[in-house]
Amino acid sequence: MNLTTFVKFEINKTAKMKFAITLLLSVITMFSVAQVPIVVKWYSIEEAIKLNEKAPRKLYVDVYTDWCGWCKKMDSNTFSNPVIAKMLNENFYPVKLNAEDKKDITYKGHVYVNKETGARSTHEFAVALLQGKLSYPSTVFMDENNAPITYLAGYLTPEQLEPILEFFSSNSYKTEKWEDFVKHFTSQLSPQKKE
């Protein structure tokens, strides 16, 4: 083998090696990015209200308790869905509110407390948001001025929650009846993600 042939061989070998390494790194990067799950970025009610002052959005409030089995199911099945997580993160300030929390909450100049009247004492703020109709989990929608729009009681699957999120985030609730809205709603959930 002469020197020219050897140099061409080594250059060709080096180029192939660089290509293989680049390809391998690209594949690893692609899979590592694809594997990062989309999760809901939860806020406290106080954090959401403060964020709302600078960049107004609606609030989505998940009212739950630590002992509620359906609340845990909603966390693991509904809020873990990437379509739902993306909708919540992009269109709302998602809030987790423990209905039995002991911490005082100041809302619109009024201090709400948990008077701790029993083993499962309810926070006054949860009572106010749910208009005294305590059921867990419950969902409260609040407008950009932090005023309650409505609340829904009970567990919601991704298929049930997705059109509701769109109904409120798009402001369709102001101009359209729910029954008419769902007739033309197009889901982003893929069939295999349905529960």
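The coordinates are above.
Residues numbered from 1 in each chain as written. Predicted model: local features only at pLDDT ≥ 70, side-chain atom pairs only at ≥ 80, totals over all residues. Heavy atoms only, no water.

Asker: Teacher, can you tell me more about the sheet that holds strand β2 (residues 92-98) here?
Answerer: Across a sheet, strands are paired by hydrogen bonds formed along the backbone, either parallel or antiparallel in direction. Spatial strand order, β2-β1-β5-β6: four strands in an open sheet with mixed pairing. What marks the edges here is a single partner per strand, and that holds for β2 and β6 (148-153). Pairwise comparison of adjacent strand axes, ignoring direction, gives a mean angle of 20° for this sheet. In this structure, strand β5 (residues 138-142) lies alongside β6, joined through five bridges in antiparallel fashion. The partner of T139 across the bridge, within β6, is L152. (Pairing = 2+ DSSP bridges. Helix = DSSP H or I, 4+ residues; strand = E, 2+ residues; numbered from the N terminus. Axes fitted to C-alpha atoms, helices over the stretch in contact; angles between N-to-C directions.)

Asker: Explanation requested: the state of the cysteines in the structure shown.
Answerer: Tallied over the entire structure, the rule returns one disulfide. At a sulfur-sulfur separation of 2.3 Å, the disulfide partner of C68 is C71. Handedness here is read from the sign of the S-S torsion; for C68 and C71, about 85°, the answer is right-handed. Residue C68 is classed as buried on the basis of its relative accessible area, which comes to 4%. (Disulfide = S-S within 2.5 Å. Buried < 20%, exposed > 50% of the residue type's maximum accessible area, 1.4 Å probe, protein only.)

Asker: Hey, could you run me through the nonpolar core in this one?
Answerer: Nonpolar side chains in soluble globular proteins tend to be buried together. Core analysis: the biggest nonpolar cluster contains 24 residues, and I45, L59, V61 and V63 have the highest contact counts within it. Among the elements of the structure, α2 (45-54), β1 (58-64), β2, β3 (105-107), α5 (124-129) and β5 are those that each provide at least two residues to this core. In contact with I45, not counting residues within four places along its chain, are L59, V61, V95, I105, F125 and M142. In this structure, V83, F92, Y155 and F181 belong to the second largest nonpolar core, which totals 20 residues. (Core = buried A, V, L, I, M, F, W, Y, C linked by side-chain atoms within 4.5 Å. Contact = heavy atoms within 4.5 Å.)

Asker: Quick question: what am I supposed to make of the pattern of salt bridges here?
Answerer: Pairing is possible between side chains of opposite charge, provided their charged atoms come close. Enumeration over the complete set of coordinates arrives at six salt bridges. Here E46 makes a salt bridge to K103, at a shortest N to O gap of 3.6 Å. One end of the pair, E46, is in helix α2; the other, K103, is in the loop between β2 and β3, with 57 residues separating them in the sequence. When its relative accessible area of 45% is taken as the criterion, K103 is described as partly exposed. Note that D180 is salt-bridged to K183, the shortest N-O span being 3.8 Å. Within this pair, D180 and its partner K183 are both found in helix α7 (residues 178-184), separated by three residues, close to a single helical turn. Among the residues examined, D180 registers a relative accessible area of 33% and is labelled partly exposed. (Salt bridge = Lys/Arg side-chain N within 4 Å of Asp/Glu carboxyl O.)

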